[in-house]
Amino acid sequence: MSTITATNSETYTVGNHTFTSRLIVGTGKYRTFDEMKAAHRASGAEMVTVAVRRVPLDRRTESFLDHLDSTLTILPNTAGCYTADEAIRTARLAREALSTDLIKLEVIGDQTTLFPDNEQTLEAARILVREGFTVLPYFTDDLIMAKKLLDAGCAAVMPLAAPIGSGLGIQNPANLTIMREQLPNATIIVDAGVGTASDAAVAMELGADAVLMNTAIAEAQNSEQMARAMRLAIEAGRLAHLAGRMPKRLYASASSPLTGVVR
């Protein structure tokens, strides 16, 4: 089977973890647990992110953890942390409570925009990598910071598409294109800001290995349908990337060349 038609059998790796689905989903903002479960099934996702600071890890009270499919890989995140120290403590708690080396590292620098603090993120990443974590850092779509995070030992990088929960879609496609070209062997997961299926398709067309989203599905009028739409968009975008798009031209180019035309 050619690589162009193999999107459903392709895999990508994050540390020692291998995945087929290139869609990663979240657990927040759903109206009911049943709605969340239906959306997760429709998405085909194999990995789901969990905000460690917003869930009772001791399981004394009911939470979405009690409603996750047992086949899903849990990706705990440090959402709500504003310093490297805070994020490191949260990551350690997640590893102890959830028995996983995976951590989505978030260190927020601004309460209004929820933009990441790249310097604090890098500081935390270096320590967590030394402690054996498989670190996936959320950061601005900056090539130089991506290189520093990878040099620190991060298993993947997660550049934002737009502010968290904004639904604005990819604001700087050139940055993501450059990142893909300059880091051909890195695992790049676009995170934050995706609003609808076309946004997910564009991210994959630009060469992302995967896309993480939550609000776009959870706040859709029909979460299950949107999850399925995202699944199809991810597959279509990946296929388009592998196929290689036609070059853009300033002027028209006839679909039927004049060569050999009967006169």
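Refer to the structure above for everything that follows.
All figures in this text were calculated on a predicted structure; none of them were measured in a lab.

1. Here we look at the packing of helix α4 (residues 143-151) against helix α5 (residues 173-182)
Next, step 1: In the contact formed by α4 and α5, the axes pass within 10 Å of each other and the chain directions differ by 40 degrees. With respect to α5, the axis of α4 lies oblique. Where α4 crosses over α5, the handedness of that crossing is right-handed. Of the residues in α5, those in contact with Leu143, Ala146 and Lys147 of α4 are Ile178, Met179 and Gln182.
Next, step 2: Residues belonging to the contact of α4 with α5 are distributed by class as follows: four nonpolar, one polar and one charged.

2. Describing the pairing of strand β10 (residues 210-213)
Next, step 1: Of the two faces of β10, the one lined by Ala210 and Leu212 and the one lined by Val211 and Met213 are each fully buried.
Next, step 2: Bridge count between strand β3 (residues 23-25) and β10: three bridges; the pairing is parallel. Residue pairing for β10: Val25 is matched across the bridge by Met213.
Next, step 3: Across three bridges, the pairing between strand β9 (residues 189-191) and β10 is parallel. Residue pairing across strands places Val190 opposite Val211, the latter belonging to β10.
Next, step 4: What joins β9 to β10 is helix α6 (residues 197-205), and the crossover it makes is right-handed.

3. Regarding the environment of Lys29
Next, step 1: With respect to the helices and strands, the residue Lys29 is situated in the loop between β3 and α1 (33-43).
Next, step 2: Counting along the chain gives 188 residues from Lys29 to Ile217, while the straight-line C-alpha distance between them is 9.2 Å.
Next, step 3: Beyond its immediate chain neighbours, meaning those up to four positions away, Lys29 contacts Gly165, Asn214, Thr215, Ala218 and Glu219.
Next, step 4: At 2.9 Å, the side chain of Lys29 and the side chain of Thr215 are in polar contact.

4. Structural notes on the side chain of Thr49
Next, step 1: Along the chain, Thr49 turns up in strand β4 (residues 47-51).
Next, step 2: Within the local environment of Thr49, its side chain forms a polar contact with the side chain of Asn77, the two groups lying 2.8 Å apart.
Next, step 3: Those residues in contact with Thr49, other than ones at most four positions away along the chain, are Val25, Gly26, Thr27, Leu75, Asn77, Lys104 and Leu212.

Cut-offs used in this document
- Positions within a chain are numbered from 1, following the residues in the order the chain's sequence is written.
- Local features in a predicted model are, by the rule used here, given only for residues with pLDDT of at least 70; side-chain atom pairs are given and counted only at 80 or more, and totals for whole chains, interfaces and linings are based on all residues.
- Side-chain numbers come from the whole structure's heavy atoms, not from hydrogens or water.
- A fitted line through C-alpha atoms represents every axis, and for helices the fit uses only the stretch in contact; the resulting angles, taken between N-to-C directions, go from 0 to 180 degrees.
- Numbered from the N terminus, helices here are DSSP runs of H or I no shorter than four residues, and strands are runs of E no shorter than two.
- Working definition: roughly parallel below 35 degrees, roughly antiparallel above 145 degrees, roughly perpendicular at 65 to 115 degrees, and oblique for all remaining angles.
- For any helix crossing, the convention is left-handed if the near helix is rotated counterclockwise from the far helix by under a right angle, and right-handed if that rotation is clockwise.
- Residues count as neighbours in contact if any of their non-hydrogen atoms are within 4.5 Å of one another.
- Here the nonpolar group is Ala, Val, Leu, Ile, Met, Phe, Trp, Tyr, Cys and Pro; Asp, Glu, Lys and Arg are the charged ones; every other residue, Gly included, is treated as polar.
- Think of it in three bands: with a 1.4 Å probe and only protein chains considered, a residue is buried below 20% of the maximum accessible area for its type, exposed above 50%, and partly exposed in between.
- Two strands qualify as a pair provided DSSP detects at least 2 bridges between them.
- When the strands point away from the viewer and the path from the first strand over the helix to the second turns clockwise, the crossover is right-handed.
- Two N or O atoms count as a polar contact when they lie within 3.5 Å, although within protein this holds only if one can serve as hydrogen donor and the other as acceptor, and sequence-adjacent residues are included solely when both atoms are side-chain atoms.

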